[in-house]
Amino acid sequence: MAGPKGESAISRALNAAWIRPFLFLIFIVVAWDLAIRIFKIPAYQIPAPADVVAVLWSDWPELLQQAWPTTYATLCGFLLSALFGIPIAMLIAGSKTVESYIYPLLVFSQSVPKVAIAPLFVVWFGFGIIPKVIAAFLLGFFPVVVSAVQGFKSVDLDMVDLARAMQGSRFQVFCAVNLPHAMPAIFSGLKVSVTLAVVGAVVGEFVGSNSGIGYVMQRSIGTFDLPTMFAALVILALLGVILFWVVDRIEKLVIPWHVSQREDVIFAS
Amino acid sequence: MRSILAIGAALIWTALSVAPAAAADKVVLMLNWYVYGEHAPFYYGKAKGIYAAEGIDLEIQEGRGSAATTQAVAAKTADFGYVDVPTMMRAAVKGAPVIATGVLLQTSPMSVMGFADKNIRKPEDIRGKTVAITPADSMTQIWPLFLKKTGLKESDFHTVAGDGQTKLNAVINGQADLLLGYVMDQSMKIKDATAKDVYPIKFADYGINMVSSGLIANTDYVKTHEDIVRRFMSATTKAVEAAEKDPKAAAQSILDANPKGGKIDTLTQGFELTIPLYRTAETKDKRPFQVTDQNMADSVNLMVEYGGLDAKAKDNPKAFYTNDYLPKGNS
């Protein structure tokens, strides 16, 4: 009656969820450093990883302080995308008339480059946080709507009929059947949207701002301070990763029953 | 069949051998920014065939800031760059292989400007106003020196930051009273948009003696293409001299090449504002580009003290520029 072989401590450690990307990251940093040494890439073109780490280490307080305005704008923009995106998707999925009027225009507007119209936001709304929030919102809006429409449209009609047959009101049926069925698609859209909202906030900062990571990047480009610029990029990437992870956790809480949330099950013999 | 091929090959061979012996050399010049009045000589030289006469087929590309253009020249994506030389010094001191082959603006065009009807004529008038800047661009890095020379402090006025377009919008729409810019660039763009005059307070009037725009090239390119560099500098010198004599035609050549490049009156006015900056008192009888060693040394010292340039730049200011490729003669 042999049971499954016990895993050694090392292979258990290697299988922990966060170790693998971390190892891969270390691999990339080593490869980056080697590439600079082998190809003799000059410091003003690509900074060495050691310099970037040095900046992260020494400027940590300022970078953290500058990360807050960017995070705040990202979150506000993202929440607006979710708040407006999901109801609009419900309308589009629910009514062919609404869909035929609105959806094509939405797709059309998506191709408008936000970086070109961002200066207009500063003209209309001033130099505060609003243009950044709007830029983040505009970038994050489309993925939410598209995924949510997909989710709402893929509801199993037999289940809806069954619920209606059991004398469920439209609202009860919506809450019990349509919404839960659409949730997996909505969350996938939210995950994409949150990383795009970071980009939007930075675009807003490039165009008009005295603070934020985008401002740090703009400043360091002008003074050829590439280590700081790359350090800012690292911070932005981390911000995206953390926000993505938060949305992922919320997804686990809201739809624990979905097939994508199942852990690998090991069967005992 | 074979004889037809042989005759065909012979004909092509003959045609090629009587073709012009030397095709023009292709040269790419990247400007410091989108086109404005200051760039007229390049377009004029191309239109008048001055570059072609030296065997150069010139392609002019608009740039996105002196920093970006300097990087492009360092990476050999462009053969020559027309950039703010102090900005180039910043990159050179960090190891970028760039050198100025000719410094054109020997007096700085940097200024703080606003609508003329706001009556902001002297530095003291800046107190209490709102100034629009672009973080870390060439003017913003010298701004603290201007404040020092005029006795102002950052707390005396309000600052807003944005990119180039945002700065213009801010002044046009009243969100800011002033912006930092070149006397011949933003002032003309604002005039195009609003038909109102702009008054620039020039940094040079307050003791900031610094060179500005010039032509730069990659040091490797200069070594391997010495002949092209000489011909290019000779052609550009002639182009500048020709443009000085006929500013309106020079400005028109910008529009001929780039119909959306601006309006003829403001481009002409912009170029006319640029011409006085070509020379200082010491070089007033000389041809363009012949910057004095003293002027360059002063600029380096200023940059080290106030512009954040690494102090080791002072050890060898001559490393940043060379007049060796300029045409000889003083006609």
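This is a predicted model, so every value here is computed, not measured.

## Section: the interface of chain B and chain A
By a widely used convention, the size of an interface equals the accessible area lost when the partners come together.
(1) Moving on: Each partner contributes to the interface: chain B provides 21 residues, whereas chain A provides 21 residues.
(2) Moving on: Those elements giving two or more residues to the side of chain B that touches chain A turn out to be helix H4 (66–74), helix H5 (85–93), strand E7 (158–161) and helix H7 (164–172) of chain B.
(3) Moving on: Take the side of chain B that touches chain A: its biggest share by element is three residues, from H7(B).
(4) Moving on: Looking at the side of chain B that touches chain A residue by residue, the class counts come to nine nonpolar, eight polar and four charged.

## What about helix H13 (residues 293–306) of chain B?
Residues and elements named next belong to chain B.
(1) Moving on: The terminal C-alpha atoms of H13, which comprises 14 residues, lie 20 Å apart, in line with the 20 Å expected from a rise of 1.5 Å per residue.
(2) Moving on: Those residues of H13 that sit buried are Met296, Ser299, Val300, Leu302 and Met303. All buried residues of H13 fall inside an arc of 160° around its axis, so they share one side. With respect to the buried face of H13, the exposed residues turned more than 90 degrees away are Asp293 and Gln294.
(3) Moving on: Among the structural elements, H5 and helix H6 (138–150) are those in contact with the buried residues of H13.
(4) Moving on: Phi for Gly308, located one or two positions after H13, is positive at around 75°.

## Thoughts on the nonpolar core
(1) Moving on: Within the largest apolar cluster, 159 residues are counted, with the highest numbers of intra-cluster contacts made by Leu178(B) and Ile216(B).
(2) Moving on: Residue contributions to this core peak at 15 residues, all from helix H7 (residues 130–153) of chain A.
(3) Moving on: Those residues in contact with Leu178(B) that sit more than four places away from it in its chain are Val112(B), Met113(B), Gly114(B), Ile120(B), Ile126(B), Lys129(B), Val131(B), Ala132(B) and Val171(B).

## Looking at the domain arrangement of chain A
(1) Moving on: Partitioning chain A into structural domains gives domain 1 (11–41) and domain 2 (47–255).
(2) Moving on: Relative to domain 2 of chain A, the C-alpha centre of domain 1 of chain A lies at a distance of 29 Å.

## Here we look at the sheet that holds E7(B)
Residues and elements named next belong to chain B.
(1) Moving on: Reading across the sheet, the five strands line up as E7-E6-E8-E5-E9 and stay open at both edges, with mixed pairing between neighbours. Of all strands in the sheet, those with a lone pairing partner are E7 and strand E9 (198–202), marking the two edges. Each strand axis lies, on average, 35° off the axis of its neighbour in the sheet, ignoring direction.
(2) Moving on: Inspection of the sheet shows strand E6 (residues 130–133) paired to strand E8 (residues 178–182) by two bridges, in the parallel sense. Looking at E8, one finds that Ala132 is bridged to Leu179.

## Observations regarding the packing of helix H4 (residues 60–94) of chain A against helix H9 (residues 170–207) of chain A
Residues and elements named next belong to chain A.
(1) Moving on: Closest axis-to-axis distance for the H4/H9 pair is 8 Å, and the angle between their directions is 135°. As far as their axial angle goes, H9 and H4 are oblique. The hand of the H4/H9 crossing is right-handed. In this structure, H4 uses Thr70, Ala73, Thr74, Gly77, Phe78, Ser81, Ala82 and Ile86 to contact H9, whose residues at the interface are Ile186, Leu190, Ser193, Val194, Ala197, Val198, Gly200, Ala201, Val202, Gly204 and Glu205.
(2) Moving on: Residues that form the contact of H4 with H9 fall into these classes: eleven nonpolar, seven polar and one charged.

## Remarks on the packing of H4(B) against H5(B)
Residue and element names in this part refer to chain B.
(1) Moving on: In contact at an axis separation of 9 Å, H4 and H5 are set at 50° when each is read in the N-to-C sense. Here H5 runs oblique to H4, going by the angle between their axes. Between H4 and H5 the crossing geometry is right-handed. Each of Ser66, Ala67, Thr70 and Ala74 in H4 lies in contact with H5, whose residues at this interface are Thr87, Met88 and Ala91.
(2) Moving on: Here the residues of the contact of H4 with H5 are counted per class, giving four nonpolar, three polar and no charged.

What counts and how
- Residues numbered from 1 in each chain as written.
- Chains lettered and ligands numbered in written order.
- Predicted model: local features only at pLDDT ≥ 70, side-chain atom pairs only at ≥ 80, totals over all residues.
- Contact = placed C-beta atoms within 7 Å.
- Helix = DSSP H or I, 4+ residues; strand = E, 2+ residues; numbered from the N terminus.
- Nonpolar A, V, L, I, M, F, W, Y, C, P; charged D, E, K, R; others polar.
- Expected span 1.5 Å × (residues − 1).
- Buried ≥ 20, exposed ≤ 12 C-beta atoms within 10 Å, placed from the backbone.
- Arc of directions from axis to C-beta.
- Core = buried A, V, L, I, M, F, W, Y, C linked by C-beta atoms within 7 Å.
- Domains from an automatic or database assignment.
- Pairing = 2+ DSSP bridges.
- Axes fitted to C-alpha atoms, helices over the stretch in contact; angles between N-to-C directions.
- Parallel < 35°, antiparallel > 145°, perpendicular 65-115°, else oblique.
- Left-handed = near helix turned anticlockwise from the far one by under 90°.

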